[in-house]
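# Architecture at a glance
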Amino acid sequence: MAIQPIDLQVLYTQLENVSKNVVAQQQGVQLSNSIQQEERGRQLAKKSTTVQKTPEDGDGVAIIKDHQDTKNAPSSSDDRKEKDDRNSPSEQKPDVEYVSDPELGRHIDISG
């Protein structure tokens, strides 16, 4: 089925309307994308400026507080250790403990 000249005339007259519709659709998509990006930006800015609520586990906060308290104030057992260390300077423990294997380097595997 061949295209008749009258069909081409109708096609060319409607070409401008079709192109306007296509451009409007493309601009609508771009406009909606830019609006969504702006909204995401606002949400992120709002989220970064607001104070976040901590989860209410109860135990986690207590553990942190206990841990900080022990750092600030030494316990009675730590005090006893310090007193014992001061009284017996000859029995000080070395800072680094080396462990060595007496069999290390004595056996060579030649079987491959």
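This report concerns the structure included in the present document.

Each value, and the rule that gives it
Residues numbered from 1 in each chain as written. Predicted model: local features only at pLDDT ≥ 70, side-chain atom pairs only at ≥ 80, totals over all residues. Heavy atoms only, no water. Salt bridge = Lys/Arg side-chain N within 4 Å of Asp/Glu carboxyl O. Helix = DSSP H or I, 4+ residues; strand = E, 2+ residues; numbered from the N terminus. Buried < 20%, exposed > 50% of the residue type's maximum accessible area, 1.4 Å probe, protein only.

Now for the pattern of salt bridges. Within this structure, the stated rule accounts for 3 salt bridges. Lys20 is the salt-bridge partner of Glu16, the closest N and O atoms lying 3.5 Å from each other. Remark: Lys20 and Glu16 occur in helix α1 (residues 5-49); sequence separation between them is 4 residues, near one turn of the helix. Taking the shortest distance from any N to any O, the salt bridge between Glu39 and Arg42 comes out at 3.2 Å. A residue pair is termed a helical-turn pair when its members lie 3 or 4 positions apart in one helix, as Glu39 and Arg42 do in helix α1 at 3 residues. On the basis of relative accessible area, Glu39 is assigned to the partly exposed category, the value being 36%. A cluster of three or more residues bridged by salt bridges with shared partners is formed by Glu38, Glu39 and Arg42.

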